[in-house]
Amino acid sequence: GTPGKIAHNLRSAGLCDVFPVEHFIVSASYVARGKPHPDVYIEAARRLREAELRSISGAGETVESIEQPWIVIEDAILGLQAARAAGALAVAVPNTLTATELAPHADAVVA
């Protein structure tokens, strides 16, 4: 979604305190290709990893790959495909699509 839609969804879900830094919210408008391509998730993971490295070392190191396991929570098939393509564990949360519809595209489904 757009940055505005993401911000709206976070506010509606009461998650603004969990994700207070806009730098960590990445939408398709910030990358070359949208879902099902992995670009959005790779960029978000890169930003988080760089922040982690800065907090540990104080340096502005760059991240070429994401080596630690990570999880993406999604409610759409294209998002689950993008998460898997990025190398993340894809967790489906039914919303407009059912668990049965999402399951073939996810590593796990939570309801």
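Since the structure is predicted, the reported quantities are computational estimates derived from the model, not experimental observations.

Another point: the overall build of the protein. Regarding its fold elements, the protein presents four helices and three strands. Secondary structure of the protein in N-to-C order comes out as α-α-β-α-β-α-β. Burial status across the protein gives 29% buried among its 111 residues. Long-range pairs, those at least 24 residues apart, make up 30% of the contacts in the protein between residues at least 6 apart in sequence. Carbon and sulfur atoms make up 57% of the accessible area of the protein, which totals about 7000 Å².

Here the focus is the packing of aromatic side chains. In this structure the tally under the stated criterion is zero aromatic pairs. Across the ring face of Tyr 30, the terminal group of Arg 47 is positioned such that the distance to the ring centre comes to 5.4 Å.

Within the open sheet, the three strands sit side by side as β1-β2-β3. Their pairing is parallel. A single partner strand is all that each edge strand has here, and the edge strands are β1 (71-74) and β3 (108-109). Across the sheet, helix α3 (residues 77-85) lies against β1 and β2 (89-92), angled at about 160° from β2, the strand it touches most.

On the surface, Leu 15, Val 18 and Phe 19 cluster together into a nonpolar patch covering about 260 Å² of accessible area. Inspection of the secondary structure assignment puts Phe 19 in the loop between α1 (3-12) and α2 (39-57). Judged by its relative accessible area of 42%, Phe 19 is partly exposed.

Time to look at the pairing of β1. Here β1 shows a clear split, with Val 72 and Glu 74 buried on one side and none of Ile 71 and Ile 73 buried on the other. Tracing the backbone out of β1, into α3 and back to the parallel element β2 gives a crossover that is right-handed.

Judged by nonpolar contacts, the single largest core of 13 residues is most densely connected at Tyr 41, Trp 70, Val 72, Leu 80, Ala 83, Ala 88 and Ala 92. At the level of elements, α2, α3 and β2 are the ones that each hand at least two residues to this core. In terms of residue count, the dominant contributor to this core is α3 (three residues). Ala 88 has contacts with Trp 70, Val 72, Ala 83 and Asp 107, leaving out every residue within four places of it along the chain.

Here is what the cut-offs are and how they apply
- Numbering of residues starts from 1 in each chain and follows the order in which that chain's sequence is written.
- Note on the predicted model: pLDDT of at least 70 is required for a residue's local features to be given, and 80 or more for side-chain atom pairs to be given and counted; whole-chain, interface and lining totals, by contrast, use all residues.
- The basis for every side-chain value is the complete set of heavy atoms in the structure, and neither hydrogens nor water enter the calculation.
- What counts as a helix is a DSSP run of H or I of at least four residues, what counts as a strand is a run of E of at least two, and both are numbered from the N terminus.
- For each residue, the accessible area found with a 1.4 Å probe, counting protein chains only, is set against the maximum for its type, and the residue is called buried under 20%, exposed over 50%, and partly exposed in between.
- Whether two residues touch is decided by their heavy atoms; if any such pair falls within 4.5 Å, the residues are in contact.
- The accessible surface values rely on the Shrake-Rupley method and a 1.4 Å probe; as for residues, cover is taken only from the protein chains in view.
- Two aromatic rings, drawn from Phe, Tyr or Trp (for Trp, its six-membered ring), form a pair once their centres lie within 6.5 Å of each other, and the interplanar angle then sorts them: stacked below 30 degrees, edge-to-face above 60, tilted otherwise.
- Here, over-ring charges are defined by two tests on the NZ atom of lysine or the CZ atom of arginine: distance to the ring centre within 6 Å, and angle to the ring normal within 35 degrees.
- Paired strands, in this sense, are two strands between which DSSP finds at least two bridges.
- To get an axis, fit a line to the C-alpha atoms, keeping to the stretch in contact for a helix; angles then go from 0 to 180 degrees between the N-to-C directions.
- Nonpolar side chains (Val, Leu, Ile, Met, Phe, Trp, Tyr) within 5 Å and like charges within 9 Å form the patches, drawn only from residues with over 30% relative accessible area and no salt bridge.
- Should a side-chain nitrogen of Lys or Arg be within 4 Å of a carboxyl oxygen of Asp or Glu, the pair is scored as a salt bridge.
- With its strands directed away from the observer, a crossover is right-handed exactly when the path from the first strand over the helix to the second travels clockwise.
- Throughout, nonpolar core names a set of buried Ala, Val, Leu, Ile, Met, Phe, Trp, Tyr and Cys residues whose side chains join them through atoms within 4.5 Å.

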